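Single-letter residue listing:
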Amino acid sequence: MVDIADKKIVAIGGGTGLSTMLRGLKAYTEHITAIVTVADDGGGSGMIREDLHLLPPGDIRNCILALADTEPIMEKLMSYRFDGGRLKGQSFGNLFLAAMCGISDNFEQGVRRVSDVLAVKGRVLPVTEQNVSLGAEFEDGTIVMGESIIPKKSTEYGSHISTVFLSPKSVRPVPDCLKALAESDLIVLGPGSLYTSIIPNLLVEGIPEAILNSRARAVYVCNVMTQMGESEDMTAFDHVKAVTSHAGGGIIDVCLANTQAVPEELREKYKAEHSAPVEVDAGRFAGSGVKLVERELLDVSKGYARHDYRRLAQAIAELLED
């Protein structure tokens, strides 16, 4: 195993992609900071956000669990979802995090206390403590608000996402996010939903500048598959262009992409969902200033085309050692 135990990694994103990657990275170093989007407004997180006027806890809960050193029963408890009554579909972990925030001075302190209880290796930080909403403008000029409905509306209107934005427009970062970026040895963006998990973090004031000014290389982990209503027909280089255009500059140094073929039967399954393997258009990276690194990173063991988190972590560790 590559020895990077003393190196500091900052991972930026949200959703299941980020938490899955963290499970692999914690085997290499405990110096991990996850910076997580708080624009989610759907599912159990959306319920808590509406009822308790808290920031959405779901993505943060997943990252805490990914980095936690807990007994299997505790992880099972934190992931448990109620199957009836008014709490149907709600996660116990979300409620636990909400309760901890309720007895803390602020959301960030609540997250830190939950992390302490669960013996987290590293840190999990919300990118901001402000109550923000995510909006999108489509190529036909239509504007919609709400992270959870953006992909659905894109498909419904038959128009691709052009840009996403935060409301309010001016959003302050959690100071420790900027500090972590300044001290990092490697910055990793993704994997995860391009417009609703990764880019929202880059719309917070100071985050793109902190990435650009850091001594660390910034690695964008390209998704294995395109996503309906979000990244349909987008190639690997298209993903990079979307990130840099929203960040206002060339913050990405390396694009890490999967080159392992998705089995044909799985392609057919995804085709029905308007999803396909992301094309790695290597030629477009030439002269772009972004280095393309190709690796076999696919995991299809559970009937889905996803990153193999162990091989992904190894590839990231090798980039850091290089």
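Residues numbered from 1 in each chain as written. Predicted model: local features only at pLDDT ≥ 70, side-chain atom pairs only at ≥ 80, totals over all residues. Heavy atoms only, no water.

## Quick look at the overall build of the chain
Piece 1. If you tally the helices and strands in the chain, you get 13 helices and 12 strands.
Piece 2. Scaling as 2.2 N^0.38, a compact globule of 322 residues should have a C-alpha radius of gyration of about 20 Å, and the chain matches this with 19 Å.
Piece 3. Seen through its principal axes, the chain has C-alpha atoms that stretch 55 × 50 × 40 Å.
Piece 4. Relative to its full complement of 322 residues, the chain shows a buried share of 53%.
Piece 5. Within the chain, residue pairs in contact and separated by at least 24 positions form 72% of the contacts whose partners lie at least 6 positions apart.
Piece 6. Summing over all exposed atoms, the chain offers an accessible surface of approximately 14400 Å²; the carbon and sulfur share of this is 49%.
Piece 7. Placing the 32 positive and 44 negative side-chain charges of the chain at their respective mean positions leaves the two points 3 Å apart. (Helix = DSSP H or I, 4+ residues; strand = E, 2+ residues; numbered from the N terminus. Rg over C-alpha atoms; globule rule 2.2 N^0.38 Å. Buried < 20%, exposed > 50% of the residue type's maximum accessible area, 1.4 Å probe, protein only. Contact = heavy atoms within 4.5 Å. Areas by Shrake-Rupley, 256 points an atom, 1.4 Å probe, with all protein chains shown as cover. Lys, Arg positive; Asp, Glu negative; His and termini not counted. Charge placed at Lys NZ, Arg CZ, Asp CG, Glu CD.)

## Section: the side chain of threonine 226
Piece 1. The residue threonine 226 is located in the loop between strand E8 (217-221) and helix H11 (236-247) in this model.
Piece 2. If we skip the residues at most four places from it in the chain, threonine 226 touches Ser231, Glu232, Asp233, Met234, His274, Ser275, Ala276 and Val278.

## A short note on the environment of serine 79
Piece 1. Within the element layout of this structure, serine 79 appears in helix H4 (residues 72-79).
Piece 2. Once the C-alpha coordinates of serine 79 and arginine 112 are considered, the two residues, 33 residues apart in sequence, prove to be 18 Å apart.

## What about the side chain of histidine 246?
Piece 1. Checked against the element boundaries, histidine 246 lands in helix H11.
Piece 2. For histidine 246, a relative accessible area of 13% gives the class buried.

## Focus on the sheet that holds strand E9 (residues 254-258)
Paired through backbone hydrogen bonds, the strands of a sheet run either parallel or antiparallel to each other.
Piece 1. Ordered by their spatial adjacency, 7 strands build an open sheet running E3-E2-E1-E7-E8-E9-E10, and the pairing between neighbours is parallel. Bordering the open sheet on either side are strand E3 (123-126) and strand E10 (291-295), each of which pairs with just one other strand. Neighbour to neighbour, the strand axes of the sheet diverge by 20° on average, direction disregarded.
Piece 2. As defined by bridge partners, strand E7 (residues 186-189) adjoins E8 across 4 bridges and the pair is classed as parallel. Bridge pairing in E8 places valine 188 opposite valine 219. (Pairing = 2+ DSSP bridges. Axes fitted to C-alpha atoms, helices over the stretch in contact; angles between N-to-C directions.)

## Points about the packing of helix H3 (residues 58-67) against helix H5 (residues 92-102)
Piece 1. Between H3 and H5, the least distance of the axes is 9 Å, while the angle of their chain directions is 100°. With respect to H5, the axis of H3 lies roughly perpendicular. Residues Gly58, Ile60 and Arg61 of H3 pack against Gly93, Asn94 and Leu97 of H5.
Piece 2. For the contact of H3 with H5, the class distribution of residues is 2 nonpolar, 3 polar and 1 charged. (Parallel < 35°, antiparallel > 145°, perpendicular 65-115°, else oblique. Nonpolar A, V, L, I, M, F, W, Y, C, P; charged D, E, K, R; others polar.)

## A word on the layout of surface pockets
Piece 1. Within this model, the largest pocket holds a volume of roughly 1500 Å³.
Piece 2. Looking at the largest pocket, it is lined by 46 residues, and the ones nearest its centre are Gly15, Thr16, Gly17, Thr20 and Arg306.
Piece 3. Of all elements in the fold, only helix H1 (15-25), helix H2 (43-52), H3, helix H9 (194-202), helix H12 (264-271), strand E12 (306-307) and helix H13 (309-321) reach the threshold of two or more residues within the lining of the largest pocket.
Piece 4. Residues belonging to the lining of the largest pocket are distributed by class as follows: 10 nonpolar, 23 polar and 13 charged.
Piece 5. Looking at the second largest pocket, its volume works out to about 210 Å³.
Piece 6. Surrounding the second largest pocket, 15 residues form its lining, Glu139, His160, Ile161, Tyr195 and Met234 being those nearest its centre.
Piece 7. Breaking the lining of the second largest pocket down by element, the ones donating at least two residues are strand E6 (161-167) and H11.
Piece 8. A per-element tally of the lining of the second largest pocket places H11 first, with 3 residues.
Piece 9. Here the residues of the lining of the second largest pocket are counted per class, giving 4 nonpolar, 7 polar and 4 charged. (1 Å grid on protein atoms, 1.4 Å probe; cavity = no way out; pocket = protein on both sides within 12 Å on 5 of 7 lines; lining within 4 Å. Points joined across faces, edges and corners; volume = space filled by probe spheres on them.)

## Observations concerning the pattern of salt bridges
Piece 1. This structure, assessed with the given rule, holds 11 salt bridges.
Piece 2. A salt bridge links arginine 123 to aspartate 176; the shortest N-O distance between them is 3.6 Å. Of this pair, arginine 123 sits in strand E3 while aspartate 176 sits in helix H8 (residues 175-183), and the two are 53 residues apart along the sequence.
Piece 3. Aspartate 176 gets classed as partly exposed once you look at its relative accessible area, which sits at 26%. (Salt bridge = Lys/Arg side-chain N within 4 Å of Asp/Glu carboxyl O.)

## A few points about the sheet that holds strand E4 (residues 133-138)
Piece 1. Taken in spatial order, the 3 strands of this open sheet run E5-E4-E6, and their pairing is antiparallel. Lying at the two open borders of the sheet, with one neighbouring strand each, are strand E5 (143-145) and E6. With strand direction ignored, the average angle separating the axes of adjacent strands in the sheet is 20°.
Piece 2. Across the sheet, helix H7 (residues 150-157) lies against E4, E5 and E6, angled at about 20° from E4, the strand it touches most.
Piece 3. Across the sheet, H9 lies against E4 and E6, angled at about 50° from E6, the strand it touches most.

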